[in-house]
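For reference, the chains in residue letters:
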Number of protein chains: 4
Amino acid sequence: MFFASDNSGPVPKQVLQALTQANTGYAMGYGADDEMAEVTARIREIFEAPEAAVHLVATGTAANSLALATLCQPFETIFCTPVAHIHEDECNAPEFYTGGAKLTLVPGAAGSDDKMTPAALHATIAREESRGVHGPQRGPVSITQVTGRGTIYALDEIKAIAQVTRDFGLPLHMDGARFTNALVALGCTPAEMTWKAGVDAVCFGGTKNGLMGVEAVIFFDPKHAWEFEVRRKRGGHLFSKHRYLSAQMLAYLTDDLWRDNARKANANCAYLAAGLEQKGAPFLHEAQANMIFAALPRATHQRLFEAGAIYHLWDGPLEGDPEQEVTARFVCDWALSKDLIDQFLDLL
Amino acid sequence: MFFASDNSGPVPKQVLQALTQANTGYAMGYGADDEMAEVTARIREIFEAPEAAVHLVATGTAANSLALATLCQPFETIFCTPVAHIHEDECNAPEFYTGGAKLTLVPGAAGSDDKMTPAALHATIAREESRGVHGPQRGPVSITQVTGRGTIYALDEIKAIAQVTRDFGLPLHMDGARFTNALVALGCTPAEMTWKAGVDAVCFGGTKNGLMGVEAVIFFDPKHAWEFEVRRKRGGHLFSKHRYLSAQMLAYLTDDLWRDNARKANANCAYLAAGLEQKGAPFLHEAQANMIFAALPRATHQRLFEAGAIYHLWDGPLEGDPEQEVTARFVCDWALSKDLIDQFLDLL
Amino acid sequence: MFFASDNSGPVPKQVLQALTQANTGYAMGYGADDEMAEVTARIREIFEAPEAAVHLVATGTAANSLALATLCQPFETIFCTPVAHIHEDECNAPEFYTGGAKLTLVPGAAGSDDKMTPAALHATIAREESRGVHGPQRGPVSITQVTGRGTIYALDEIKAIAQVTRDFGLPLHMDGARFTNALVALGCTPAEMTWKAGVDAVCFGGTKNGLMGVEAVIFFDPKHAWEFEVRRKRGGHLFSKHRYLSAQMLAYLTDDLWRDNARKANANCAYLAAGLEQKGAPFLHEAQANMIFAALPRATHQRLFEAGAIYHLWDGPLEGDPEQEVTARFVCDWALSKDLIDQFLDLL
Amino acid sequence: MFFASDNSGPVPKQVLQALTQANTGYAMGYGADDEMAEVTARIREIFEAPEAAVHLVATGTAANSLALATLCQPFETIFCTPVAHIHEDECNAPEFYTGGAKLTLVPGAAGSDDKMTPAALHATIAREESRGVHGPQRGPVSITQVTGRGTIYALDEIKAIAQVTRDFGLPLHMDGARFTNALVALGCTPAEMTWKAGVDAVCFGGTKNGLMGVEAVIFFDPKHAWEFEVRRKRGGHLFSKHRYLSAQMLAYLTDDLWRDNARKANANCAYLAAGLEQKGAPFLHEAQANMIFAALPRATHQRLFEAGAIYHLWDGPLEGDPEQEVTARFVCDWALSKDLIDQFLDLL
């Protein structure tokens, strides 16, 4: 009954097999391994982007920060939402990697802190740089797909954001830690969700969807490749035994493992959401991918925790009026089973 | 016939087994996994340091830079040798992580760029900060064990350097990317080679000695623990699925795998060195650990490369007078076999 | 008719006289001039802080950024209001000097972006660091006195903010670019407005109140002195011919010039405000110090600009419906005359 | 008898007059003052560079660091000599402003630490970046004119260095803190000593030659202008009351004050050197500009200090064998008189 995060479950056996298979003989280090050549070819094919620059790192924070640092000057500001991972959960990594850029928060629709609207983005960008050299200069826009609230930008929404971004001559970055969960939910192609919609760089996450710690950073314009490589090395994120990253990513992209895992995770979440709905727990948003926020009385949380359920409370502590509802975040990964979810729902 | 580096060979089967074993069920992320608790206990035991702060990262550059950043202010300078990995091979990572500290080079004995001498260290430190606020302030001293030249600091040499360091009130850092190769060569204990000799922080390398990419950073004074943790997260070096790092390190420390691997690597190197010596190839230094530098005529290199040998030339290009000798670096890892080395020596 | 800023007028003749007087013979550089010893003594006396560390720099951005960098780690976040100069008008200087710290915005009362309330500060601080190592760590609180909206924190308000700050164990910084304008308005002592109210460090501005470019940074705990000095040098803000800064600051503190200038500026603003009120221009806030925001129809702005008035529009461009009101910012310095203000009011 | 530095004497009366003259009425801030337009025009004329970007800052450290940061990426290394001010005397300011670039030291002729030779520069640059992504990437070359040893690069020497720099596609920066002292010694034009010889950016110093604290940063390619402006603001080096910098620089460039001052300083130094030579004090280098290094017995230093002479010892402390010679640095500024120098020589 583990709903705390999608980075706590095991990896599929294909990943272990791939590591075993890669573990023979000597291989050139630092990304010059044969497996990486295959990874690059495969990602270019999947993204229909034959020129794209493709690099691997081991964590999402590294992927986002290095990608943004490549696109952003230290005197600029990055536009993102208040719940963006890069703002809330990376301990100033984007500020660190960019050399001190700022993050400017763009509100969502109707006072929400979720998905940014094109109008709010336009207004926020317009407001910056109205003070010449005094304020931060305008920098990249960063969106998260799936968002930190578990919702998904529709293709039209991405396009509209990209249009605003392009109107100001800025690059568009997508934090795709849960890229595939969004992809299979939208039923679109990777190209459609990225460069065809106007995205310039995407962090194509593997870790939350079944790998031990592998993320691909993709720039659709290859001119960024060398600077990214140098920044990756400078950040200590270039693996000498790189083949063990490549092999995982290759297994991920083989036989649709990536999409299968995401479908499983989303299905698990839908199943959980249906169960919670039946129990009358109010949702913050509909289940779209593999994460939902639902409110339950404190007493219920108490009972669930005691029975071994693991998940995070979101808008209040466990201590307090037992009748009062507190919102919890439930994240489902590919490895959860209906049995486990049923077991949890039965506890309710 | 791969002598290019000790980070290009396979990992021992125990490491893969450990990953498989760790891959069951759900585990708390970000270092809160049960395996990490074991790793910490085991390292404290091995180092006879029951209070030590122990953290894992995936690369040596991250380990060194984060450790130094924790010990160093941005307005200070780090003292190291001209061939220190942190100076030559980390693309300004120490400067980046410290927020702009400088590296001041300390010469070795008799104009060598290898091991720093206490006298040279003393003179170099004394010279810095003689200009008050104008020059960089004195910061940590960093030594590499095994050095980038393949030599080893004797315990007395470390103690003498630590004495100088302590006289100036500075911390002493050890880059131990090849820690165990030195340890087994010296036949001493980890405690003797570190805190008992005056070392404050050590990067205890696993990657070059059989792991996929795991290094432990150890502070003997636990007061540095929290700052290191925050800096690790900010650097994007905190693994969410941390158990896969812990499991590797645990396997490494089990049944003496770490020492066995290092002994094998050193033995391979000694065997290679003996063979080269027999062929009359002049050495830069005696073989002490798992790396030697030896000079051979260009024509010989040409022949060896064509026959499939892989290693780096050090002080000149392959192109040129075929009679002229060019120094090459030969690094041996644990996985090399005598057969392969014999095959190489036969080619000579 | 210059109301664009209080940094555009001339300096009082006393400042030029002081420069002339200081311009004799040779003087030790870099802050070791005799005048600086006097400045330190005088400021300690004025602030009733015999141990305070006192340093001069030439710009307000340098003063704030260096002070904050001394109080803040790169993995922390600084709490300030949305209209704080450090957030809006310093082009990421605080992020730069701190090595990548974040700025977290604290709302004011009732959705205002002006003065932070203790309750909002408490809630904002509490929210940060609720995510352990993942979010930025809590850092200094920074308030601006006079605020960017021209209002003044009452002593009780500062104390209440300081109480919150202290409850979390954080330092409190005051951006006092218009320190003296607030001081004379409140009719209190410098000590009452700073350390007696709980302020740890203050940037005591001289530039906006009659100097060519001199600000004093004061730490009430002298333990910060050396780090500040080193950071000042590293930032290129240590003047070799430092006596020309000291001499100005000394003139400023002699014969109450500082308070006289601030009184004049405030009186000019009050006079302007009264005039505007009479003309029926709605205010954003009451005039408290030397800056007001008032709304006028676009057509009026157009007429005033054409007649030579100089000031900034705040919430909209000059282009648009001529009947529509647009808010303007009017800042008065000590050198304005009633004649000039009358001339301006007559134009209305 | 003040020979400690050329930043400790008074400023010429023309500078004070210029400040007085500039001190009337209101002026646009932040570099938009009328005087600055004149400064730009005048410098472009003097340097025969009608497109050059011209900006003022108040300190040499700021000038150098901001210029280099504009020309250098954080993952690059700057090539300079071991006695470069940017290396020895700026407390890591270049590392800070570049975001963590390294400084790589280029030796001078015959083991000297003074002027770099083209051959040594070529070899040093060639050596860097031989390790791909692992080492720092090649960045700007920086030379100091007059050097920290008081010597001057001949025009041919600058050209030869620029040729090497250009061969590697790198920019060439000149730290011209004592630009005019070199200029009048060489008897050439500013254009000949800079862009005609291959210099891309020069810090044209005023502070050591008679101003209170004003340096012009000149880029011969104006494409760098905006980035420099933003970096200057971000560094807290943009003056709001900018006219007081402009006015000084304008006075400096009027009626040949800049060249006159430098001629006086150089003549003072030549006079002092002749006197010292007569007394048999051995020189490190011939007097070329306004700074010499000469050796005297400790006992003599002791006697001179007691009689009120002020200067710095260079290669040893005052304490020790009174017969032993210790090198001292003697710097002469424009304001010294022959009388004072005679007085000093008489003491010998």
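On a predicted model such as this, the values are computed, not experimentally measured, just so you know. (Residues numbered from 1 in each chain as written. Chains lettered and ligands numbered in written order. Predicted model: local features only at pLDDT ≥ 70, side-chain atom pairs only at ≥ 80, totals over all residues.)

1. With respect to the packing of helix 6 (residues 118–127) of chain D against helix 7 (residues 155–167) of chain D
Residue and element names in this part refer to chain D.
Item 1. At a minimum axis separation of 9 Å, helix 6 and helix 7 run at an interaxial angle of 15 degrees. Here helix 7 runs roughly parallel to helix 6, going by the angle between their axes. In the packing of helix 6 onto helix 7, the handedness of the crossing is right-handed. Between helix 6, through Pro118, Leu121, His122 and Ile125, and helix 7, the contact on the second element is made entirely by Ala160, Ile161, Gln163 and Val164.
Item 2. Here the residues of the contact of helix 6 with helix 7 sort into 6 nonpolar, 2 polar and no charged. (Axes fitted to C-alpha atoms, helices over the stretch in contact; angles between N-to-C directions. Helix = DSSP H or I, 4+ residues; strand = E, 2+ residues; numbered from the N terminus. Parallel < 35°, antiparallel > 145°, perpendicular 65-115°, else oblique. Left-handed = near helix turned anticlockwise from the far one by under 90°. Contact = placed C-beta atoms within 7 Å. Nonpolar A, V, L, I, M, F, W, Y, C, P; charged D, E, K, R; others polar.)

2. Observations concerning the interface of chain C and chain B
Item 1. Each partner contributes residues to the interface: chain C has 12 residues there, and chain B has 12 residues.
Item 2. Broken down by class, the residue content of the side of chain C that touches chain B amounts to 5 nonpolar, 3 polar and 4 charged.

3. A few points about the relation of the copies chain C and chain B
Item 1. Between chain C and chain B, which share one sequence, the superposing operator has a rotation angle of 180 degrees and an axial displacement of 0.1 Å; the RMSD is 0.0 Å. Taken together, the turn and the small shift mark the pair as related by a two-fold rotation axis. Considering only C-alpha atoms, the part of chain C nearest the rotation axis is Gly99 of chain C, at 3.0 Å.
Item 2. The residues that chain C uses at the interface reappear at the interface of chain B in 100% of cases, marking a shared surface. (Least-squares fit on C-alpha atoms with pLDDT ≥ 70 in both.)

4. Re the interface of chain B and chain A
Item 1. Every contact between the two is made by 39 residues of chain B and, on the other side, 39 residues of chain A.
Item 2. Counting only elements with at least two residues in the side of chain B that touches chain A, the list comes to helix 1 (13–22), helix 3 (60–71), helix 5 (93–98) and helix 10 (225–234) of chain B.
Item 3. Residue classes in the side of chain B that touches chain A are distributed as 17 nonpolar, 19 polar and 3 charged.

5. Topic: the confidence of the model for chain A
Item 1. On average, residues of chain A score 95 in pLDDT, and 100% of them are at 70 or above.
Item 2. Note on the complex model: pTM 0.97, ipTM 0.97. (pLDDT = per-residue confidence, 0-100.)

6. A look at the domain arrangement of chain A
Residues and elements named next belong to chain A.
Item 1. Each domain of chain A was delimited in the assignment, giving domain 1 (13–257) and domain 2 (258–347).
Item 2. Its C-alpha centre places domain 1 at a distance of 28 Å from the equivalent point of domain 2.
Item 3. Across the contact, 18 residues belong to domain 1 and 17 residues belong to domain 2.
Item 4. The biggest single contributor to the side of domain 1 that touches domain 2 is helix 8 (residues 179–186), with 6 residues.
Item 5. In the side of domain 1 that touches domain 2, the residues fall into 9 nonpolar, 6 polar and 3 charged. (Domains from an automatic or database assignment.)

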